[in-house]
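The chain contents come next:
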Amino acid sequence: MKFLTTLLTFFVLFCEFAYAHEVAITFDDLPGAQEESAEKEKLLNKRILTALDKFKAPAIGFVCEGKLYSQKETKEKTAILQSWIDHGHPLGNHTYSHPSLSSSKLEEFEKDVLKGAPVSKKLMNDAGLEYIYFRHPYLDTGTTKEMRSSFEAFLKKEGYVIAPVTIDTNDWKFDQQLRENPKDKEKIIQNYLEHTKKKFAFYEKASKEIFGRNISHTWILHVNLINSYVMEDLLKIVYEMGYDFVTLDKALEDEAYSEHDNYYPPFGVSWLCRWDFTRGKIVDWSQDPELD
């Protein structure tokens, strides 16, 4: 009996070790969240890519192709997308104009998805890479079962795989604070870094409560000003928490991502919250660190 108990303990620890502390880094809103000049966006992207290179951290960038045309610098902004591929990071589809699925007519939303693909897909194919991932704007996956099923059937027909999110560190909120109050830069950055630590710790705890282990995570970030300043610090924090940086392909090998969810509110949340909602709510989400 003692031997069986020891063997079971070893097996549980092995399973925990096998999946624990892996995170795939994903960036939304390429070539830049604020639709600034190509010169400014090139600098933001360069800082982020340099930090990723330093930590040998793979990432994927989700593109809103409408942003390529907003400043009449299409060639220059397309070159920014190419720089991601040159650094070894694939591109995915984040629609053309970043609409919300729940507030759109399904046919129009699907047209926006198709319109958001040509440039990124060509860049990927020219590099000999598959262009397969889709990220929902606002993480809005549809407010009804029928809407979601219809859209997911469309994605499957077009050859897309959905890119879920388990860790959201609210970077866009801190970026907004920074742009509105640049004189408070150091304070805002420090708050952001501390918030990131708390969010990772909370989602790890939630994962263990739901699945009995820490799953391979997917982390959503954006190409924005604050991340261009602190990307290296963010990676250092997560690395020191024991996480390995893996590709999205690798993270999605975790069987947790085959879990069904029937969460239909229009506002996007972590897939952990969706799975917990579907299973019957065992996590205390009031403890999820949020900004005022």
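Calculation criteria
- Residues numbered from 1 in each chain as written.
- Predicted model: local features only at pLDDT ≥ 70, side-chain atom pairs only at ≥ 80, totals over all residues.
- Heavy atoms only, no water.
- UniProt positions renumbered as here; feature names shortened; annotations may be inferred.
- Phe/Tyr/Trp six-rings, centres within 6.5 Å; stacked < 30°, edge-to-face > 60°.
- Helix = DSSP H or I, 4+ residues; strand = E, 2+ residues; numbered from the N terminus.
- Buried < 20%, exposed > 50% of the residue type's maximum accessible area, 1.4 Å probe, protein only.
- Lys NZ or Arg CZ within 6 Å of the ring centre and 35° of its normal.
- Salt bridge = Lys/Arg side-chain N within 4 Å of Asp/Glu carboxyl O.

An unreviewed UniProt entry lists the protein under the name Chitooligosaccharide deacetylase, with Candidatus Bealeia paramacronuclearis given as the organism. Under Function (unreviewed entry), UniProt gives the following word-for-word description of the protein: "Is involved in generating a small heat-stable compound (Nod), an acylated oligomer of N-acetylglucosamine, that stimulates mitosis in various plant protoplasts." In its Sequence similarities (unreviewed entry) section, the UniProt record describing the protein reads: "Belongs to the polysaccharide deacetylase family."

(A) Summary view of the packing of aromatic side chains. Applying the stated criterion across every chain, the model contains 18 aromatic pairs. Look at tyrosine 131 and tyrosine 160: their rings are 6.0 Å apart centre to centre, the planes differ by 70 degrees, and that puts the pair in the edge-to-face class. With tyrosine 131 in the loop between helix H5 (118–126) and strand S4 (133–134) and tyrosine 160 in the loop between helix H6 (145–157) and strand S5 (161–162), this residue pair connects regions lying 29 residues apart in the sequence. With a relative accessible area of 11%, tyrosine 160 lands in the buried category. Each ring, one from phenylalanine 202 and one from tyrosine 203, has its centre 5.7 Å from the other, and the planes form 70 degrees; the classification is edge-to-face. Just as phenylalanine 202 is buried, tyrosine 203 falls in that class too. Put simply, the rings of Phe109, Tyr131, Phe134, Phe151, Phe154 and Tyr160 touch in pairs and so form one group of aromatic residues. Above the face of the tyrosine 96 ring, lysine 115 is positioned so that its terminal group lies 4.2 Å from the ring centre. Sitting above the plane of the tryptophan 271 ring, arginine 274 keeps its charged end 4.1 Å from the centroid.

(B) Focus on the UniProt feature "domain: NodB homology" (unreviewed entry) in the protein. According to UniProt, the feature "domain: NodB homology" (unreviewed entry) maps to residues 21–246 in the numbering used here. Each end of residues 21–246 is marked by a C-alpha atom, and these two atoms are 10 Å apart; helix forms 51% of the span and strand 14%.

(C) Inspection of the pattern of salt bridges at higher detail. All told, the structure shown has 21 salt bridges when counted by the stated rule. Put simply, glutamate 36 and arginine 179 hold a salt bridge, and the shortest N to O gap is 3.2 Å. In this pair, glutamate 36 is assigned in the loop between strand S1 (22–30) and helix H2 (38–54) and arginine 179 in helix H7 (residues 171–180), connecting sequence segments 143 residues apart. Of the charged contacts, one joins glutamate 158 and lysine 157 as a salt bridge, the two residues approaching to 2.9 Å between their closest N and O atoms. Under the relative-accessibility criterion, lysine 157 is labelled exposed at 62%.

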